[in-house]
Amino acid sequence: MTTRTLTVAFLVTLTSCMTSPSALTVARADPQRGALGGVYMSDGTQHSGELLALDDSTIVLLAQDRIAIGSLSRMRTLVFDDFITDEVGPERHISVRTLRKGRQASRFPYGIT
């Protein structure tokens, strides 16, 4: 094989392995834990805990030593330290800007897999 063929093969392999967004463009969690706060549900109940992860449709909390996963469509308001939003609930969609801010407040800004 020629050097050119090996170089092209290396570059193709290198670029095909990228699965995550650039670290420079994604919010970074500074502390070792997520923001503390709570969610207010559409039915009037409240649940509090540490914000572990947030995406466009669900939230993950550490509440009383248990992992809780909730649908944003069933919530009315999210209140976590400096992250407060009412862009949740039925028929509502969280904005990209708010989602970034919420991810930055979470323990796992890239999500949990």
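Please refer to the structure placed before this passage.
Residues numbered from 1 in each chain as written. Predicted model: local features only at pLDDT ≥ 70, side-chain atom pairs only at ≥ 80, totals over all residues. Heavy atoms only, no water.

A.B. asks: Would you explain the pattern of salt bridges in this entry?
C.D. replies: It is possible for side chains of opposite charge to pair when their charged atoms get near one another. Tallying each qualifying case throughout the model produces two salt bridges. Its salt-bridge partner being R107, residue E50 comes within 2.7 Å of it at the nearest N-O pair. Of this pair, E50 sits in strand β2 (residues 46-54) while R107 sits in the segment after α2 (96-105), and the two are 57 residues apart along the sequence. With relative accessibility at 4%, the residue E50 sits in the buried group. Residues joined in a network through salt bridges with shared partners are R33, E50 and R107. (Salt bridge = Lys/Arg side-chain N within 4 Å of Asp/Glu carboxyl O. Helix = DSSP H or I, 4+ residues; strand = E, 2+ residues; numbered from the N terminus. Buried < 20%, exposed > 50% of the residue type's maximum accessible area, 1.4 Å probe, protein only.)

A.B. asks: Looking at this structure, how should I read unusual backbone geometry?
C.D. replies: A positive phi angle is found at Q64, which is not glycine, with a value near 50°. Looking at the secondary structure, you find Q64 in the loop between β3 (58-63) and β4 (66-71). Q64 sits in the exposed class, given a relative accessible area of 76%. Not every positive phi belongs to a glycine, and D81 is a case in point at roughly 45°.

A.B. asks: Any chance you could explain the pairing of β4 here in plain terms?
C.D. replies: Consecutive residues of a regular strand have side chains that alternate between opposite faces of the sheet. Relative to β4, β3 is paired through six bridges, and the arrangement is antiparallel. Looking across to β4, one finds that T58 is bridged to S71. Here β3 hands over to β4 after two residues, with Q64 in that stretch at a positive phi of 50°. (Pairing = 2+ DSSP bridges.)

A.B. asks: I'm lost on α2 in this one. Help?
C.D. replies: Think of an α-helix as turning once every 3.6 residues; residues three or four places apart then point the same way. Within α2 the residues assigned to the buried category are T98, L99, G102 and A105. The arc enclosing the buried residues of α2, seen along the axis, measures out at 120°, which places them on a common side. In α2, the exposed residues that point more than 90 degrees away from the buried face are V96, R97 and R100. Those residues of α2 that are buried lie in contact with β2 and β6 (83-85). (Arc of directions from axis to C-beta. Contact = heavy atoms within 4.5 Å.)

A.B. asks: Looking at this structure, I do not really get the nonpolar core. What am I missing?
C.D. replies: General note: in soluble globular proteins, nonpolar side chains tend to be found buried as a group. Counting 16 residues, the largest nonpolar core has V39, L54, I59, L72, M75, L78 and F80 as the members making the most contacts within it. Secondary structure elements with two or more residues in this core: β1 (36-41), β2, β3, β5 (75-80) and α2. When residues of this core are assigned to their parent elements, the largest contribution, three residues, is made by β5. (Core = buried A, V, L, I, M, F, W, Y, C linked by side-chain atoms within 4.5 Å.)

A.B. asks: Would you explain the environment of Q32 in this entry?
C.D. replies: Position of Q32 among the secondary structure elements: in the loop between α1 (3-16) and β1. Once the C-alpha coordinates of Q32 and R107 are considered, the two residues, 75 residues apart in sequence, prove to be 6.8 Å apart.

A.B. asks: Quick question: what am I supposed to make of the environment of V96 here?
C.D. replies: For V96, the position within the fold is in helix α2. The spacing of V96 and D56 is 40 residues in sequence and 8.5 Å in space, taken between C-alpha atoms.

A.B. asks: Sorry, what's going on with the environment of M75 here?
C.D. replies: Positionally, M75 belongs in strand β5. Discounting residues that sit within four places of it in the chain, M75 has contacts with V39, Y40, M41, S42, I59, G70, V88, G89 and P90.

Purely geometric numbers; function is a separate question.
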